[in-house]
Amino acid sequence: MQNIAFIGLGNMGAPMAQNLAKAGYALTVFDLVPAAVGDAVKAGASAGKAVADCVKQADAVITMLPATEHSRKAYLAPDGIIASAKKGALLVDCSTINADAAKEIADAAASRGFAMLDAPVSGGTAGAAAATLTFIVGGAENDLERARPLFEKMGKNIFHAGGSGAGQMAKICNNMLLAIQMIGTSEALALGVANGLDPKVLSGIIAKSSGRNWTTEVYNPWPGVMENVPASRGYAGGFGTDLMLKDLGLAAEAAAASGANTQLGAVARDMYRRHAAQGGGNLDFSSILNTIAAIS
Ligand code: NAD
């Protein structure tokens, strides 16, 4: 597989595509935002004029789109990926979307003879840039093996979660936990600061104590505690609150469908909703700290 189509060059897709280009793959890219395509072309990619044009010569198609409706449209539209891809191409959706929709898209692909994987990722924009992402894959094991060389250029850990949709389900569970952890870390830091502690000192203590988690180790929400995280650049870039809200909605749907108890997930969803309504939707999700600190 040498010719790769990459669709969706946002906060995650752009650095992922760049790592594939660096590894020597011939990339054709498409995004609705011309500037994003322009940046990828500067880094050596060819520009596709539209989805169909982007995928027609590709041995593998990778999509990194915001949400379920975007993936559905990109794959299922009459001029979409399934209608336009080259015979035998491997289709890989790295977007985080509804697990049932992932299955439906994979079934539609299979009915036209295409193998498809759902392969959402974890690790944030820093992981995308450093090629240290975790790929959480649903689909057939032999298709994962075909995709493995590509995943290895963009990530470090590759998990086979199960059949079609299982990658999405595992990713949604992970992100619900992340959303809860970010709130917990923000509350702990706001409590400490309200009681005279230095947020950097407190973060250092937590990072080596039993309260530690990803948000204290590599993604601290308090401005100035860590370099190179969204909190230290006005919460720009990173993983948007609106995208986290989307994932909490997917978790709520899955919980309702299966009868699973996700009380903290529901509380977290309410809190991020309130934060988005107060203007935090486009900011990185760690900006939930502002809503929490403003209340305390
Ligand atoms: P983003 O909004 O920054 O980028 C999405 C890109 O898709 C945009 O550039 C948009 O123009 C493009 N797009 C939308 N519809 C399109 C279409 N029909 N054709 C071509 N391009 C189209 O989002 P992101 O932060 O890169 O996230 C992408 C996915 O990865 C989401 O599902 C998100 O949940 C998931 N994710 C994000 C992070 C993160 O830290 N940002 C981490 C893990 C997973």
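Residues numbered from 1 in each chain as written. Predicted model: local features only at pLDDT ≥ 70, side-chain atom pairs only at ≥ 80, totals over all residues. Heavy atoms only, no water.

A.B. asks: Lay out the overall build of the chain with the relevant residues and their values.
C.D. replies: A tally of regular secondary structure across the chain gives 14 helices and nine strands. Taken against the 2.2 N^0.38 rule, which gives 19 Å for 296 residues, the C-alpha radius of gyration of the chain at 19 Å falls within 12% of a compact globule. Across its three principal axes, the chain shows a C-alpha extent of roughly 65 × 45 × 35 Å. A total of 296 residues make up the chain; the buried ones form 51% of that total. The long-range share in the chain, meaning contacts at least 24 apart out of those at least 6 apart in sequence, stands at 64%. Entry remark: accessible area of the chain is about 13,100 Å², with carbon and sulfur atoms responsible for 56%. (Helix = DSSP H or I, 4+ residues; strand = E, 2+ residues; numbered from the N terminus. Rg over C-alpha atoms; globule rule 2.2 N^0.38 Å. Buried < 20%, exposed > 50% of the residue type's maximum accessible area, 1.4 Å probe, protein only. Contact = heavy atoms within 4.5 Å. Areas by Shrake-Rupley, 256 points an atom, 1.4 Å probe, with all protein chains shown as cover.)

A.B. asks: Let's hear about the site of the ligand: which residues, and what values?
C.D. replies: Residues in contact with the ligand amount to 24 residues; listed here are only the nearest, N11, M12, D31, P66 and K246. Interatomic distance of 2.9 Å between a backbone N/O atom of N11 and an oxygen atom of the ligand. G238 places a polar main-chain atom, nitrogen or oxygen, 3.0 Å from a nitrogen atom of the ligand. Contact with the protein chains removes 88% of the 840 Å² of surface that the ligand exposes when unbound. Taken together, domain 1 (3-164) and domain 2 (169-291) each give at least three residues to the shell around the ligand, which thus spans both. (Near = heavy atom within 4 Å. Polar contact = N/O pair within 3.5 Å; in protein donor to acceptor, adjacent residues only side chain to side chain. Domains from an automatic or database assignment.)

A.B. asks: So what about the packing of helix α9 (residues 166-194) against helix α13 (residues 263-280)? Which residues, and what values?
C.D. replies: Interhelical geometry of α9 versus α13 gives an angle of 65° and a closest axis separation of 9 Å. The angle between α9 and α13 falls in the class roughly perpendicular. Judged by the twist between their axes, the crossing of α9 over α13 is left-handed. In contact with M176, A179, I180, M182, I183 and E187 of α9, α13 contributes L264, G265, A268, M271 and Y272. Looking at the contact of α9 with α13 residue by residue, the classes come out as nine nonpolar, one polar and one charged. (Axes fitted to C-alpha atoms, helices over the stretch in contact; angles between N-to-C directions. Parallel < 35°, antiparallel > 145°, perpendicular 65-115°, else oblique. Left-handed = near helix turned anticlockwise from the far one by under 90°. Nonpolar A, V, L, I, M, F, W, Y, C, P; charged D, E, K, R; others polar.)

A.B. asks: Any details on the nonpolar core? Residues and values, ideally.
C.D. replies: One finds F6, M16, L20, I62, F135 and F151 to be the most contacted residues of the largest nonpolar core, which totals 34 residues. Element by element, the count of residues in this core is highest for helix α8 (residues 141-154), at five residues. In this structure, F135 is in contact with M16, C94, A119, P120, V121, F151, M154, G155, N157, I158 and F159, ignoring residues within four places of it in sequence. One finds F30, A58, I81 and L91 within the second-largest nonpolar core, a separate group that totals 24 residues. (Core = buried A, V, L, I, M, F, W, Y, C linked by side-chain atoms within 4.5 Å.)

A.B. asks: Now, about the pattern of salt bridges: what can you tell me, with residues and values included?
C.D. replies: In the structure shown here, the tally under the stated rule is 10 salt bridges. K42 serves as the salt-bridge partner of D39, at 3.7 Å between the closest nitrogen and oxygen. Residue D39 and its partner K42 are both found in helix α2 (residues 34-42); the two are separated by three residues, about one turn of the helix. Residue classification places D39 among the partly exposed residues on the basis of a relative accessible area of 49%. For K42, a relative accessible area of 73% corresponds to the exposed category. (Salt bridge = Lys/Arg side-chain N within 4 Å of Asp/Glu carboxyl O.)

A.B. asks: An account of the environment of A115 is needed here, citing residue identities and associated values.
C.D. replies: Inspection of the secondary structure assignment puts A115 in strand β6 (residues 115-118). What makes A115 buried here is its relative accessible area of 18%. For the pair formed by A115 and G80, sequence separation is 35 residues and the distance between their alpha carbons is 16 Å. When neighbours within four sequence positions are excluded, A115 is seen to be in contact with A89, L90, L91, D143 and R146.

A.B. asks: Residues and numbers for the pairing of β6, please.
C.D. replies: Along β6, one buried face is formed by A115 and L117 and the opposite face, lined by M116 and D118, is buried too. As paired elements, strand β5 (residues 90-93) and β6 share four bridges and run parallel to each other. By the bridge assignment, V92 is partnered in β6 with L117. At this point the chain moves from β5, through helix α6 (residues 99-111), to the parallel β6, and the crossover so formed is right-handed. (Pairing = 2+ DSSP bridges. Right-handed = clockwise from strand over helix to strand, strands pointing away.)

A.B. asks: An account of the packing of α9 against helix α12 (residues 241-258) is requested, with residue identities and associated values reported.
C.D. replies: Direction vectors running N to C along α9 and α12 enclose 115°, while the axes themselves pass 9 Å from each other. Along this stretch, α9 crosses α12, giving a crossing that reads as left-handed. Contacts between α9 and α12 involve M169, I172, N175, M176, L178 and A179 from the former and M244, D247, L248, L250, A251 and A254 from the latter. For the contact of α9 with α12, the per-class residue count stands at 10 nonpolar, one polar and one charged.

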